[in-house]
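# Residue-level structure breakdown
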Number of protein chains: 2
Amino acid sequence: MKIILVGASGDVGEAAYAELSKRHEIIRAGRHTGDVVVDIGDKCAIDAMYDEVCTFDAVISAAGNVHFSPLSDHTEATFRIGLENKAMGQINLVLSGLGRISDGGSFTLTTGVLNRDPVISGTSAATANGALEGFVTGAAIELPRGIRINAVSPGLLRVSADRYGAFFPGHERVASEKVGRAFAKCVDGALTGQVVVVA
Amino acid sequence: MKIILVGASGDVGEAAYAELSKRHEIIRAGRHTGDVVVDIGDKCAIDAMYDEVCTFDAVISAAGNVHFSPLSDHTEATFRIGLENKAMGQINLVLSGLGRISDGGSFTLTTGVLNRDPVISGTSAATANGALEGFVTGAAIELPRGIRINAVSPGLLRVSADRYGAFFPGHERVASEKVGRAFAKCVDGALTGQVVVVA
């Protein structure tokens, strides 16, 4: 299978790569590095990436920015970053890729723990996660040609804990291998419309 | 209690009004009619509404547009309507109202059935609902001064079925009285961070 992995250099992307590269061809995509370069905040850049890759059987998105801030410090602009980049960016990967992906292909998006187990400063992330999970639920029954869609919702990765652990008091850390297997469940399995929680 | 009811002239707004006007002062707000006029797609209009009303104890939002369309017919622009208006519009009601609402006040937003029971053409609505439910989960633990936040998620209202029923095959219709009581549970009760499903 030929899989485009967007956000390949992040901790979640590396977890997906480690598992799926064992048996599939992976095209790594990232904002600055990778086999192809893409900024998912830019719809034209997404189209250009798909034009460059041309044919593919699956898309994994492990990309998307959100702004962490106490709710009372958010402006409309800071709050929107998560909805624009993490939510709409990943949704645009699907809307643009839908006409190009192989029959029976799959899209797997990444959400996260914060809309089921919130933390202070995480409201914008929780909002983006919820949007993506609503999107997956809705889109799954509308996709043609046997195409599937799912989301992986990982808790804080053990490898990310040095950087982000202070935001997540008491949260369990999850192993990258477990996150990788969740992506395998979505890509190699037959699920659709599901949010695969990694806790 | 003095309650601002945004989207008062819609079916959900009327259900909330019928229940809560029995014992509270309701300021009806709408895009074209009401005691105050507000377009929730315009952050400045939201601020102006709060300036005009000045003091209030609760905000109920039963407002927000989405574009219904098969997923493959959505452009980025049509898809964004739901995220911009229904999701970000209601979120801006909270972000702008947070510094002005009374101690112990409450915000109650409206989502809907489509992110738990999807229908064809409803993916943008499902996405907006998910965003709002993520927001409620995240924001509830960040609100100061005893302020609460919840969402009501009604199924298709019986009174709306003539207009929208064709989109919702097999969906149960819910009575407006039941929807009204869900808003009472949020406003008069002590819940926070909850999505009150009306099915």
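Preceding this section is the structure that the text describes.
Presented here is an overview of the structure given in this document. Keep in mind that this is a model prediction, so the values were computed, not measured.

Per the secondary structure count, chain A includes six helices and seven strands. Helices and strands appear in chain A in the N-to-C order β-α-β-β-α-β-α-β-α-β-α-α-β. Taken over the C-alpha trace, chain A has a radius of gyration of 16 Å; the compact-globule value for 199 residues is 16 Å, and the two agree within 12%. Counting only C-alpha atoms, chain A reaches 45 × 35 × 35 Å along its principal axes. For chain A, the proportion of its 199 residues judged to be buried stands at 60%. Considering only residue pairs separated by 6 or more positions, chain A has 67% of its internal contacts joining residues 24 or more positions apart. Carbon and sulfur atoms form 50% of the exposed surface of chain A, whose accessible area is close to 7,700 Å². Placing the 18 positive and 22 negative side-chain charges of chain A at their respective mean positions leaves the two points 5 Å apart.

On to the interface of chain A and chain B, then. Counting from both sides, the interface comprises 34 residues of chain A and, opposite them, 34 residues of chain B. Of the roughly 2,900 Å² buried between chain A and chain B on both sides combined, carbon and sulfur atoms contribute 70%. The largest contributions to the chain A side of the interface with chain B come from A:Leu71, A:Glu76 and A:Glu142, which together make up 21% of the buried area. Across the chain A-chain B interface, the total number found is two salt bridges. At the junction of chain A with chain B, the criterion picks out 14 residue pairs in polar contact (both at pLDDT 80 or more). Those elements that provide at least two residues to the side of chain A that touches chain B are helix 3 (76-97) and helix 4 (123-140) of chain A.

Looking now at the relation of the copies chain A and chain B. In screw terms, the move from chain A to chain B is a rotation of 180 degrees and a rise of 0.0 Å along the axis, fitting with an RMSD of 0.0 Å. Each copy turns onto its partner about a two-fold axis. In this assembly the copies share their binding face: 100% of the residues contributing to the interface of chain A also contribute to that of chain B.

Below, the discussion takes up the sheet that holds strand 1 (residues 2-6) of chain A. Residue and element names in this part refer to chain A. Pairing within the open sheet is parallel, and its seven strands lie in the order 3-2-1-4-5-6-7. The open sheet has two free edges, formed respectively by strand 3 (36-37) and strand 7 (194-198), since each of these has just one partner strand. Both strand 6 (residues 148-154) and strand 7 contribute to a ladder of five bridges, which runs parallel. Note that in strand 7 the partner of Ala151 across the bridge is Val195.

What follows concerns the pairing of strand 6 (residues 148-154) of chain B. Residues in a regular strand project their side chains so that they alternate between the two faces of the sheet. Residues and elements named next belong to chain B. In terms of residue burial, strand 6 counts as a mostly covered element, since seven of its seven residues are buried. Side chains Arg148, Asn150, Val152 and Pro154 of strand 6 all project onto a buried face; the interleaved residues Ile149, Ala151 and Ser153 project onto the opposite face, where all are buried too. Strand direction decides the pairing type here: strand 5 (residues 106-110) and strand 6, joined by five bridges, are parallel. Within the sheet, the bridge partner assigned to Ser106 lies in strand 6 and is Arg148. The sheet contact formed by strand 6 and strand 7 (residues 195-198) spans four bridges and is parallel. When the sheet's bridge partners are listed, Pro154 is paired in strand 7 with Val198.

Turning our attention to unusual backbone geometry. Residues and elements named next belong to chain B. Look at Cys54: it is not a glycine, yet its phi comes out positive at around 75 degrees. You will see that Arg145, though not glycine, has its phi angle at about 55 degrees, which is positive. Within the secondary structure layout, Arg145 lies in the loop between helix 4 (123-140) and strand 6. We classify Arg145 as partly exposed; its relative accessible area is 36%.

What follows deals with the packing of aromatic side chains. What describes a pair of aromatic rings is the distance from one ring centre to the other and the angle between the planes of the rings. Inspection of the entire model under this criterion finds six aromatic pairs over all chains. Where A:Phe68 meets A:Phe167, the ring centres are 5.1 Å apart and the plane angle is 50 degrees; that geometry is what we call tilted. Residue A:Phe68 is located in the loop between strand 4 (58-61) and helix 3, and its partner A:Phe167 is located in the loop between helix 5 (161-164) and helix 6 (176-188); the two are separated by 99 residues in the primary sequence. Considering the side-chain rings of A:Phe79 and B:Phe135, the 5.6 Å spacing of their centres and the 80 degrees angle between planes classify their relative orientation as edge-to-face. Taken together, the residues span two chains, with A:Phe79 in helix 3 and B:Phe135 in helix 4. Residue classification places B:Phe135 among the buried residues on the basis of a relative accessible area of 0%. The aromatic ring of A:Tyr17 is capped on one face by A:Arg28, whose charged end is 4.1 Å from the ring centroid.

Turning to the packing of helix 1 (residues 11-20) of chain B against helix 6 (residues 176-188) of chain B, a few remarks are in order. Residue and element names in this part refer to chain B. It is at 8 Å that the axes of helix 1 and helix 6 come closest, and there the two elements cross at 65 degrees. Overall, the two elements helix 1 and helix 6 adopt an arrangement that is roughly perpendicular. For the pair helix 1 and helix 6, the crossing hand works out as right-handed. Along the contact surface, helix 1 presents Val12, Ala15, Ala16, Glu19 and Leu20, while helix 6 presents Ser176, Val179, Gly180, Arg181, Phe183, Ala184, Val187 and Asp188. In terms of residue class, the contact of helix 1 with helix 6 is built from eight nonpolar, two polar and three charged.

We now examine the environment of A:Ala182. Residues and elements named next belong to chain A. On the secondary structure map, Ala182 appears in helix 6. Relative accessible area serves as the criterion here: at 6%, Ala182 is assigned to the buried category. C-alpha of Ala182 to C-alpha of Val197: the two residues are 15 residues apart in sequence and 7.9 Å apart in space. Setting aside its immediate chain neighbours within four residues, Ala182 contacts Val152, Val196 and Val198.

Criteria and thresholds
Residues numbered from 1 in each chain as written. Chains lettered and ligands numbered in written order. Predicted model: local features only at pLDDT ≥ 70, side-chain atom pairs only at ≥ 80, totals over all residues. Heavy atoms only, no water. Helix = DSSP H or I, 4+ residues; strand = E, 2+ residues; numbered from the N terminus. Rg over C-alpha atoms; globule rule 2.2 N^0.38 Å. Buried < 20%, exposed > 50% of the residue type's maximum accessible area, 1.4 Å probe, protein only. Contact = heavy atoms within 4.5 Å. Areas by Shrake-Rupley, 256 points an atom, 1.4 Å probe, with all protein chains shown as cover. Lys, Arg positive; Asp, Glu negative; His and termini not counted. Charge placed at Lys NZ, Arg CZ, Asp CG, Glu CD. Buried area = accessible area lost by both parts, 1.4 Å probe. Salt bridge = Lys/Arg side-chain N within 4 Å of Asp/Glu carboxyl O. Polar contact = N/O pair within 3.5 Å; in protein donor to acceptor, adjacent residues only side chain to side chain. Least-squares fit on C-alpha atoms with pLDDT ≥ 70 in both. Pairing = 2+ DSSP bridges. Phe/Tyr/Trp six-rings, centres within 6.5 Å; stacked < 30°, edge-to-face > 60°. Lys NZ or Arg CZ within 6 Å of the ring centre and 35° of its normal. Axes fitted to C-alpha atoms, helices over the stretch in contact; angles between N-to-C directions. Parallel < 35°, antiparallel > 145°, perpendicular 65-115°, else oblique. Left-handed = near helix turned anticlockwise from the far one by under 90°. Nonpolar A, V, L, I, M, F, W, Y, C, P; charged D, E, K, R; others polar.

Function cannot be read off these values alone, since they describe shape.
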